[in-house]
Amino acid sequence: MLNICTICIIIATCHIWILLYNTTMTALNLIKKYLNFIFFPEKCVVCNQKKHNYVCDDCKNHLNDIFNPKIVDSTQKGLACMACFEYKNEIRDMIHQFKFKNYKKVSLILSDFLSLGIRKVFKTQKIDLVTFVPMFLNNQDDLKYNHSKILAEQTAKKLGLPFQKCLRKIYNNEKQHNLSFYERQKNVKGVYNSVDKFKDKHILICDDIITTGATLFECKNELKKAGANVLCATVAFTTLH
Ligand SMILES: [Zn+2]
């Protein structure tokens, strides 16, 4: 039979080993981080300088200064869309990197600001789930890089809300960016439909940019037909030039 003293010694020894293990692992992680920084430094996604993080402190402070989440004036009646920044300079560069160069890390900082903006502007609004603007891909929706989906998924996570696919794109249309205001509205008409009924659900659609709001308006209307109340949030806003 083990006496009390022996049991105490065994417990104390276990604690010492656990402590030693934790300290060693922390030290190894720090060394790994340091070596990574020396040999494979991260580049700040905004200024492109080699820094400790994917966005450096100076750039983060600058983004905080220009962060101005508000409901944008949309030409689409009844579209409540919050945007965090004006689409220009570093914001335009970041969205380009994320959208056209498939640089996923940019979405980490964009979704940080998007979730902050949503909390601030929609603080009194009920949101049950977060969704995205789907892509069309040979009837296999969203298997390839969908920036709206990545952004919405990360934002939902940061807001602690469920993320769900609510819409499908039923046929492929022309890209919106070269089209006029009226062409954009026509181009998205009937392109999306709801994947289910969403009676009395409060759904937030996230996307990167709002220009005329034609795409978000069409998505919103489809979800509305399915019974949902819809809010929209984008990283940036711009107008047609
Ligand atoms: Zn920077």
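Parameters and conventions
- Residues numbered from 1 in each chain as written.
- Predicted model: local features only at pLDDT ≥ 70, side-chain atom pairs only at ≥ 80, totals over all residues.
- Domains from an automatic or database assignment.
- Nonpolar A, V, L, I, M, F, W, Y, C, P; charged D, E, K, R; others polar.
- Helix = DSSP H or I, 4+ residues; strand = E, 2+ residues; numbered from the N terminus.
- Expected span 1.5 Å × (residues − 1).
- Buried ≥ 20, exposed ≤ 12 C-beta atoms within 10 Å, placed from the backbone.
- Contact = placed C-beta atoms within 7 Å.
- Axes fitted to C-alpha atoms, helices over the stretch in contact; angles between N-to-C directions.
- Left-handed = near helix turned anticlockwise from the far one by under 90°.
- Pairing = 2+ DSSP bridges.
- Parallel < 35°, antiparallel > 145°, perpendicular 65-115°, else oblique.

## Here we look at the domain arrangement of the protein chain
Alright, step 1. According to the domain assignment, the protein chain contains domain 1 (37–66) and domain 2 (69–237).
Alright, step 2. Measuring from the centre of the C-alpha atoms in domain 1 to the corresponding centre in domain 2 gives 26 Å.
Alright, step 3. Grouping the amino acids of the side of domain 1 that touches domain 2 by side-chain chemistry returns six nonpolar, no polar and no charged.

## Observations concerning helix α5 (residues 147–159)
Alright, step 1. Under the 1.5 Å per step criterion, the end-to-end length of α5 is 18 Å for 13 residues, consistent within 8% with the ideal 18 Å.
Alright, step 2. Across the 13 residues of α5, 10 count as buried, placing the element largely inside the fold.
Alright, step 3. Buried residues of α5: His147, Ser148, Lys149, Ile150, Leu151, Ala152, Gln154, Thr155, Ala156 and Leu159, and no others.
Alright, step 4. Elements that come into contact with the buried residues of α5 comprise α3 (89–100), α4 (106–121), β5 (129–132) and β8 (202–210).
Alright, step 5. Within two residues after α5, Gly160 carries a phi angle of roughly 70 degrees, on the positive side.

## A look at the packing of helix α6 (residues 181–188) against helix α7 (residues 214–225)
Alright, step 1. For the pair α6 and α7, the least separation of the axes is 9 Å and the interaxial angle reads 35 degrees. By crossing handedness, the relation of α6 to α7 is classed as right-handed. Judged by residue contacts, Arg184, Gln185 and Val188 of α6 engage Ala214, Thr215 and Glu218 from α7.
Alright, step 2. Residues belonging to the contact of α6 with α7 are distributed by class as follows: two nonpolar, two polar and two charged.

## Section: the sheet that holds β5
Alright, step 1. Read from one edge of the open sheet, five strands run β3-β4-β9-β8-β5, paired in mixed fashion. The open sheet has two free edges, formed respectively by β3 (70–71) and β5, since each of these has just one partner strand.
Alright, step 2. Strand direction decides the pairing type here: β3 and strand β4 (residues 81–86), joined by two bridges, are antiparallel. Within the sheet, the bridge partner assigned to Lys70 lies in β4 and is Ala83.

## As for the pairing of β4
Alright, step 1. Most of β4 sits out of view: five of its six residues are buried.
Alright, step 2. Pairing geometry for β4 and strand β9 (residues 229–237), over five bridges, is parallel. When the sheet's bridge partners are listed, Phe85 is paired in β9 with Ala236.

## Topic: unusual backbone geometry
Alright, step 1. A positive phi angle is found at Asn48, which is not glycine, with a value near 70 degrees.
Alright, step 2. Position of Asn48 among the secondary structure elements: in the loop between β1 (42–43) and β2 (50–51).
Alright, step 3. With a phi angle near 60 degrees, Asp200 is a residue other than glycine that sits in the positive phi range.
Alright, step 4. Examined against the element boundaries, Asp200 turns out to sit in the loop between β7 (192–194) and β8.
Alright, step 5. Under the C-beta neighbour-count criterion, Asp200 is labelled exposed, with 10 such atoms within 10 Å.

## What to know about the packing of α4 against α5
The description of two helices packed together rests on the angle between their axes and the distance between the axes.
Alright, step 1. It is the contact of α4 with α5, at a shortest axis distance of 9 Å, that shows an interaxial angle of 55 degrees. Between α4 and α5, the angle is such that the two are oblique. Here α4 runs over α5; the crossing is right-handed. Here Ser107, Leu108, Leu110, Ser111, Asp112, Leu114, Ser115 and Ile118 of α4 lie close against α5, whose contacting residues are Ile150, Leu151, Gln154, Thr155, Lys158 and Leu159.
Alright, step 2. Looking at side-chain class alone, the contact of α4 with α5 contains seven nonpolar, five polar and two charged residues.

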